[in-house]
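Residues per chain, in single letters:
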Amino acid sequence: MSQVAISKQEYRAVDIGSLVEPIGGMARYVSKGDRVCLKVNLLQASDPSTAVTTHPDVISAVAKSVIDAGGEPFIGDSPAGRFSKKGLKDAYDFTGMTAIADDLGIELNYDTGWTKVDVKGGKRIRRLKVCDFALGADRIIALPKLKTHVYQVMTLATKIMYGIVPGAEKARYHAVYPRKQAFADMLLDVLSVTPPDLFILDGIMGMVGNGPMGGDPVDTGVLMASTDAVAMDIAVCRMLNIEPVGVPTLKRAKFRDLWPDSIDYPVLTPEDVMVMGFKLPSGAGHIATGKRTPKRSPVITERCTACGRCEEICPKDAITIPEDRAVIEYEKCIRCFCCHEVCPDKAIALKALGKRGARF
Ligand code: SF4
Ligand code: SF4
């Protein structure tokens, strides 16, 4: 039986002890002297109030709990786009992670090295480039954020480990697996490479709408802890009144027999913390209504500042910036929405395709 501990919490008073106690306490997952990777969601340099990244109050509380258990925590992730020391520094600074690392005297990972490893039992991939920071840890505690995702509906525990794939390599897999279900299968393969010892989900402030970057923050008020990523994501779906198999990684988990036989909720149940009317991404309406939503396409709006991030990440080289605004070549576009994910100015809208291309 899988266990998911759920508690109502607030930033500034995050209590990890009471959250993990019902599932064995932190000492069950961390031993004295362990080097513990806190695998955060560090999608990109964003203010914590935008709900794009794991909130520093949660990371700080988990780090303190690890230190109390005798471990040596460090913070690590590979953000979207180029995996560089400068990119990491900007992301750590903006998201409040530098401040808490300084405060607690813990390390921020700046090692951008990677190693190619075998993916044992992988359904889609046999070999994978994996960041050295993850391979070198004795323990991994993953700290996913409760967010919507324009391509995979939700980004939760089953997707958090995609950040062990270095930088732009992540976008490349969109071109290799342009279909949602195959991509989700690949995500489950990645999860199996360095499976976290524990997941602690930051759902105190979640994201609705067109996440993981362009959505809006929403008060969801919970923290969750589990050793089982699938069970945790099912719990989130129940809490949000979403059909779990509407999330591609969960659909594939069911198909691959990774579904838990049963889930025990030792504290609160998902129904105790239910959030009604949670707004999914614009293309995921069918999950709630059963009606197919039209295919969407990325559309560059006048907010574009020609920063070049979308051009850099596009796995199909479908974006150019001839003058002062990005332009998409729709014949090449596979609608992976990597461009939407990295745009720092919310300058990419998602619109239905008309007969002659995107409707502006
Ligand atoms: S669409 Fe966004 S990411 Fe692309 S160039 Fe414009 S501002 Fe930058
Ligand atoms: S234009 Fe955007 S959605 Fe289309 S392939 Fe490039 S990154 Fe993906």
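Throughout this document, residue positions are counted from 1 along each chain, in the order its sequence is written. Going through the entries in the order they are written, you letter the chains from A and number the ligands from 1. Only residues with pLDDT of at least 70 get local features here, since the model is predicted, and only at 80 or more are side-chain atom pairs given and counted; chain-wide, interface and lining totals rely on the full set of residues. Side-chain measures were taken over the full set of non-hydrogen atoms in the model, leaving aside hydrogen atoms and water.

(A) Local environment of the pairing of strand β10 (residues 198–208). Relative accessibility decides the category of a residue: with a 1.4 Å probe and only protein chains considered, values under 20% of the type maximum give buried, values over 50% give exposed, and everything between is partly exposed. Starting at the N terminus, helices and strands are each numbered in turn, a helix being any DSSP run of H or I of at least four residues and a strand any DSSP run of E of at least two. Taken across its 11 residues, β10 has 11 buried, putting it largely inside the fold. Two strands qualify as a pair provided DSSP detects at least 2 bridges between them. In this structure, strand β7 (residues 139–143) lies alongside β10, joined through two bridges in parallel fashion. Within the sheet, the bridge partner assigned to I141 lies in β10 and is L198. Pairing analysis gives two bridges linking strand β8 (residues 145–149) to β10, with the strands arranged parallel. Residue pairing across strands places K147 opposite M207, the latter belonging to β10. Where β10 lies against strand β11 (residues 216–226), nine bridges are found, and the strand directions are antiparallel. Each residue of the ladder has a partner; that of I200, found in β11, is A225.

(B) Spatial organisation of the site of ligand 2. Here a residue counts as near a molecule or strand whenever at least one of its heavy atoms sits within 4 Å of it. Around ligand 2, a shell composed of P298, C314, P315, I319, C333, I334, R335, C336, F337, C338 and C339 is seen. Residues of the shell around ligand 2, tallied by class, amount to 10 nonpolar, no polar and one charged. Three categories are distinguished: nonpolar for Ala, Val, Leu, Ile, Met, Phe, Trp, Tyr, Cys and Pro, charged for Asp, Glu, Lys and Arg, and polar for the others, with Gly belonging to the last.

(C) Spatial organisation of the domain arrangement of the protein chain. What the domain assignment lists for the protein chain is domain 1 (2–283) and domain 2 (294–354). By convention here, the domain bounds are inherited from an automatic or database domain assignment. A C-alpha centroid distance of 26 Å is found between domain 1 and domain 2. Contacts are assigned to residue pairs that have any heavy atoms within 4.5 Å of one another. Listed per partner, the contact involves 21 residues of domain 1 and 18 residues of domain 2. Each reported salt bridge corresponds to a side-chain nitrogen of Lys or Arg within 4 Å of a carboxyl oxygen of Asp or Glu. The interface formed by domain 1 and domain 2 includes two salt bridges. E312 is the salt-bridge partner of R82, the closest N and O atoms lying 3.2 Å from each other.

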